[in-house]
Structure formats: structure tokens, C-alpha cells
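# Report on the structure
These are the residues of each chain, in order.
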Amino acid sequence: MSQDCFCGCALAEAADGPAVHRAPMPTSGIGILGCGAYLPDEEVGNDVVAAEVGVEESWIERKTGILARRRAAPWQAASDLAVPAAEAALERAGLTAADLSVIIIATSTPDSPQPATACVVQDKLGAVNAAAFDVNAVCSGFVFALETARRLVADGGHALVVGVDVYSRILDHTDRRTAVLFGDGAGAVVVGPTRPGRGIVASSLSSYGQHAGLIEVPGGGSRVPPTKESLAAGAHYFKMDGRAVREFVDREVPVAVRGFLADTGHADDAVAHFVPHQANGHMVAELERTLAFPTARTHVTFERYGNTGAASVPITLAAAQHEIAEGDLVLLTAFGGGMAMGMSLIRW
């Protein structure tokens, strides 16, 4: 089968801003021991998507910078993408599934509402010693799950963190505002003890619930349960106010990143690698321009894979891992529905 495979918290709340969790500096090294990713076999080019949504192929590239994306096969659910990504991360870490004490799946497109997709992945991997649960912070989910994993293994053990989404199942493929952006995929990391001076330096998790309506799937939950009427109204489709989301990102993310670095005592020129959420080409380029890190390499995968939701950051990190040298400072920055934002600073 062909595939892309890459082997004590303070709470502050501004008067009109988000609740922000600042993770304290770890007293012992906990970091990423291995990365992996999996992309489905089917590559869908802009020509196909343009025909589906009724626009010119060049319009998609001009508006998004995306050239292609992957779609899961009809038989593949989130767990089917998560497992090979997890296996690649475990192999790179030199561990087996039996070594895991925790599995956290970050996704907003689980296999089903119940049980947790993490439990399905646990069974498929044979990770008999691991507790397993899901996290849903939409496109920020991987960074939220990564910080959760760091805390859970601070006293020992190893965690598997997977960001995975199958957005092709919740898109209205005739809606050009959303259908042109998203692809399916999974990225995974193994988290555990690292050498002194290496690992996750600090994390910041923020939520802006007043903007929760900017990105949503209105139907399918307890507020709008699935009915013939809700299905006919398209309530089960992903919906996004793209203009408002971009305004949010432009307004909030650069300020938050600069504040995070200042809080951790790191200058802009200390960052060697910047791994942002791959929302679309224009958002990534604008964020890179505004932050203007003087020495950082910004890593991107959106051209080939589109926006893969919670999988976006770990897929990009897995693709970049061979270019990151020991001791480099890596900044992960994710943002998305909720609205939510997560950042993690890692000494590789």
C-alpha cells in the first residue's frame, strides 16, 4: 500500500480576552521521542475540487495556495489513519505499543460519537497498558493534547499523541468556502523522558469561547440531533466564517505568540523552526510576515495536503523532523475552532 509516512498551571483572564493556561517550566525533561504521519492514498487535485464547487482551478490556488489534498478511502475512519501514523512514531522512538501508558487522540471527526476513537486505536495497536481518551480543540487539538500528555507522563511512562481528521466526511463538497481547503490525514508523536536540557520548554493554551460560532458543525450533537429535517438543512456539514476567522488570526495570534515567547524568556532570534497550523497559504504567509522571526525556518505542507485540522501541526512536524538539529528551538502554533489557540516551545 502506498502512503506518505514520516518516520501547577497559572490561569489568567484578560477583561475582554481569553482564559489562558500558562504551563510552568518543566522541572524534568519531557519531550518528543519520535514523529510519524500518514496520508491516505487518494490525492485530489484542484481540477477535481474546482469541478465539484464550480470555480476555475486557478481560483483555488490563488485564494488558498493549496495544490492538492488527500481523501480517505470509503472504508477509512479516523482510527484507520491514526494507527499507521502512530506505528511510524513508535518505530522512530524505538518503542512498542506495550510501552505506552497513555494514548490521546486529538480530533473533531472521530470514528463515532462513542466510544472514544483513542480506545479503538488502543485496541488496533495492542497497547494493553495504556489509558486512552480523545481531545477536541478542533485545529488546536494536537497542541492541547501534547501538553496534556506531558503532564500525565511527568512522573514516568510514555504517551502517544495523535492529531487526526477526516474532514472529507463533514464537508459540503459544493461549498467553495470550505471544500477547497481541507484534506484528510494523521500525525503522531511519542512523548516521554528526554535528556537533560531537551524537551518541551513551555506551553500556552487559550480559548476564546465568545467566537465559538465562527467555526462549527451545528448538527449531530445533543442540541441539534440528527433528524431528517437537520440532514435536509445541511446541519451536519462543516461551516466557517472565513473572513472573521482570518481577522481573528491576524488580530490575536501574533500578539499571543510574542507574549508567549516573552513569558518564557526567549527572543525572536532564538526560534530555529516555526511549525504553524496549515490553515491555508495566505494565513501562513501573513503570520510568517507579521512575526518576522529573523532566523526561523517556517515549515509548510499545505500545498500538498491542504488543511488537515488537528493533524496539520504533527504532519508538518513529521515532515520537518529530518531538518531539525539537536538543540534547536521549535515553536508549534495552532489555532482554530472554539476559538482556541495552542503553542508549544520545544528544545529538540
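For clarity, every value in this text was computed on a predicted model and none was experimentally measured. (Residues numbered from 1 in each chain as written. Predicted model: local features only at pLDDT ≥ 70, side-chain atom pairs only at ≥ 80, totals over all residues. Heavy atoms only, no water.)

Each helix and strand in the chain was counted, giving ten helices and 17 strands. In summary, the chain has a C-alpha radius of gyration of 19 Å against a globular reference of 20 Å for 348 residues, a match within 12%. Seen through its principal axes, the chain has C-alpha atoms that stretch 55 × 45 × 40 Å. Going through the 348 residues of the chain one by one, you find that 55% of them count as buried. Here the chain has roughly 14200 Å² of accessible surface; of this, 51% comes from carbon and sulfur atoms. Within the chain, one finds 26 positive and 39 negative side-chain charges whose respective centroids are separated by 3 Å. (Helix = DSSP H or I, 4+ residues; strand = E, 2+ residues; numbered from the N terminus. Rg over C-alpha atoms; globule rule 2.2 N^0.38 Å. Buried < 20%, exposed > 50% of the residue type's maximum accessible area, 1.4 Å probe, protein only. Areas by Shrake-Rupley, 256 points an atom, 1.4 Å probe, with all protein chains shown as cover. Lys, Arg positive; Asp, Glu negative; His and termini not counted. Charge placed at Lys NZ, Arg CZ, Asp CG, Glu CD.)

A contiguous patch of positive charge on the surface is contributed by R62, K63, R176 and R243. Examined against the element boundaries, R176 turns out to sit in the loop between strand 9 (159–166) and strand 10 (184–193). (Patch = residues over 30% accessible without salt bridge, like charges linked within 9 Å, V, L, I, M, F, W, Y side chains within 5 Å. Salt bridge = Lys/Arg side-chain N within 4 Å of Asp/Glu carboxyl O.)

Let us now look at the side chain of H277. Note that H277 resides in the loop between strand 14 (273–276) and helix 8 (281–291). Setting aside anything within four residues of it in sequence, one finds H277 in contact with C139, V284, N307, G309, S312, V313, T333, A334 and F335. (Contact = heavy atoms within 4.5 Å.)

Our focus in this paragraph is a negative patch on the surface. Taken together, the side chains of D47, E56, E57 and E61 present a region of like negative charge at the surface. With respect to the helices and strands, the residue D47 is situated in helix 1 (residues 46–53). D47 gets classed as partly exposed once you look at its relative accessible area, which sits at 44%.

Another point: the pairing of strand 16 (residues 329–336). Looking along a regular strand, one sees side chains alternate from face to face of the sheet. When you tally the buried positions in strand 16, you get eight out of eight residues, the bulk of the element. Of the two faces of strand 16, the one holding L329, L331, T333 and F335 and the one holding V330, L332, A334 and G336 are both buried throughout. Bridge count between strand 14 and strand 16: four bridges; the pairing is parallel. Looking across to strand 16, one finds that H273 is bridged to V330. Relative to strand 17 (residues 340–347), strand 16 runs antiparallel, the two sharing eight bridges. Each bridged residue has a counterpart across the sheet, and for V330 the counterpart in strand 17 is I346. From the end of strand 16 to the start of strand 17, which pair antiparallel, there are three residues, and G338 there has a positive phi angle of about 140 degrees. (Pairing = 2+ DSSP bridges.)

For the coordinates displayed, the defined rule picks out eleven salt bridges. E43 is the partner of R70 in a salt bridge, and the nearest nitrogen-oxygen pair spans 3.9 Å. Pair noted here: R70 is in strand 6 (residues 68–71) and E43 is in strand 5 (residues 42–45), with a separation of 27 residues, a long-range link. Take R70: its relative accessible area is 9%, and that puts it in the buried class. Taken together, the shared-partner salt bridges in this structure form one network comprising E147, R150 and R151.

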